[in-house]
Amino acid sequence: MVRANGAVSLRELARVVQTSEVTVRRDVRALEAEGLLDRRHGGAVLPGGFSRESGFPQKSHLATAEKTAIADLAAGLVSEGEAVVVGAGTTTQELARRLARVPGLTVVTNSLLVAQALAHANRVEVVMTGGTLRGSNYALVGSGAEQSLHGLRVSRAFLSGSGLTAERGLSTSNMLSASVDRALVQAAAEVVVLADHTKLGTDTMFQTVPTDLVTRLVTDEPPPHDDRAEAELQALADHGVQIAVAGPVRPSPTGEDRRGAGPPDVRDVQMPGPRRTPNPPGAPGGGASPPPAQLRAAAAADGAPAKAPRVADLAPRRR
């Protein structure tokens, strides 16, 4: 699977081989010892340092449930009548499908997939950049794309990438894509990064968004006992990044596809740092709630499902 896709998540491996993530993690360690792959937070990649970029067909089948949960949560950040930038990627494509229901929205994008998802949306205006088509991810890149973004100003940009670390921020494996993403960032007042847990701690060749420019990270719940992913999240929090963690998508009792049918279980962790100002009490997202594990445990004791979204405040570690 790693040779075919370039990367794979432990959660996906466990589903495919029908075993526990603990067993998969042990076997991945053995394969790494033989030099067949390199472990990454929550997954594995081809050996050889920086991970390579997978093509769209491979990416579209990786961490699909996680991307769905992330897109559901990120869509709640967008208000009616807003103007936003949405970059290229399979996770941002999922987000675009949900933004189609936001009236009066203006979306600027360099992604053909994002534009396609919004093509038939009522009262949503789509503005595409110019540029040269990059077939591997259906994105417009090059000087034409960058020049079309000059002078543009929107409320926030939603971006994905190949890896995210507290040390370097968001990165990608392609130089042209990185350059356009940097131009998208310059057009936005806030930057929201969409990255599933397999990208946490992964570093690739070209930096797109340094950590100090990332306003918020929307990610999924790391697998149990994934201490490295939790450490990376804490390191990002220490840099002042607000982190919202979406839980797994709850299956419908009828087995139908629930994408876009409602919010997943959410752990919205506001982590104010030196660059951020926490929401005041009474404001949306303000105040503190019990940890999500306690919320879910209490709901289970009552025989009712946990309600979402829930918000908890977690401050950066004191130095």
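Structure: see above.
On a predicted model such as this, the values are computed, not experimentally measured, just so you know.

J.: Tell me about the environment of alanine 187, residues and numbers included.
T.: Along the polypeptide, alanine 187 turns up in the loop between helix H9 (175–186) and strand S12 (188–194). Overall, alanine 187 belongs to the buried group, its relative accessible area being 1%. Taking C-alpha positions, alanine 187 is 8.0 Å from valine 85, a pair spaced 102 residues apart along the chain. Contact partners of alanine 187, with chain neighbours within four places excluded, come to Leu152, Arg153 and Val154.

J.: Any details on the packing of helix H2 (residues 10–17) against helix H3 (residues 21–33)? Residues and values, ideally.
T.: Relative to each other, H2 and H3 sit at 110 degrees, their axes nearing to 9 Å. The angle between the axes of H2 and H3 places the two elements in the roughly perpendicular class. Counting all contacts with H2, which are made through Leu10, Arg11, Leu13, Ala14 and Val17, the residues of H3 involved are Glu21, Val24, Arg25 and Val28. Here the residues of the contact of H2 with H3 sort into 6 nonpolar, no polar and 3 charged.

J.: An account of H2 is requested, with residue identities and associated values reported.
T.: By the burial criterion, the buried members of H2 are Leu10, Arg11, Glu12, Leu13 and Ala14. Considering only its buried residues, H2 is in contact with strand S1 (7–9), H3, strand S3 (43–45), helix H5 (64–75) and strand S14 (216–220). In the segment just after H2, glutamine 18 is the residue with positive phi, at about 55 degrees.

J.: Explain the side chain of arginine 156 to me, using residue names and the numbers behind them.
T.: Here arginine 156 shows up in strand S9 (residues 154–159). A polar contact of 2.4 Å, which involves the side chain of arginine 156, links it to the side chain of glutamate 82. When sequence neighbours within four positions are dropped, the list of residues in contact with arginine 156 reads Leu77, Glu82, Ala83, Val84, Val85, Ala188, Glu190 and Val192.

J.: Describe the pairing of S9, naming the residues involved and giving the relevant values.
T.: Counting buried positions over the 6 residues of S9 gives 5, a clear majority of the element. Where strand S4 (residues 83–86) and S9 come together, 3 bridges link them in parallel fashion. Its bridge partner being in S9, valine 86 is matched across the sheet by phenylalanine 158. Bridging between S9 and S12 involves 5 bridges; their strand directions are parallel. The residue bridging valine 154 from the neighbouring strand is alanine 188, located in S12.

Definitions and cut-offs
- Residues numbered from 1 in each chain as written.
- Predicted model: local features only at pLDDT ≥ 70, side-chain atom pairs only at ≥ 80, totals over all residues.
- Heavy atoms only, no water.
- Helix = DSSP H or I, 4+ residues; strand = E, 2+ residues; numbered from the N terminus.
- Buried < 20%, exposed > 50% of the residue type's maximum accessible area, 1.4 Å probe, protein only.
- Contact = heavy atoms within 4.5 Å.
- Axes fitted to C-alpha atoms, helices over the stretch in contact; angles between N-to-C directions.
- Parallel < 35°, antiparallel > 145°, perpendicular 65-115°, else oblique.
- Nonpolar A, V, L, I, M, F, W, Y, C, P; charged D, E, K, R; others polar.
- Polar contact = N/O pair within 3.5 Å; in protein donor to acceptor, adjacent residues only side chain to side chain.
- Pairing = 2+ DSSP bridges.

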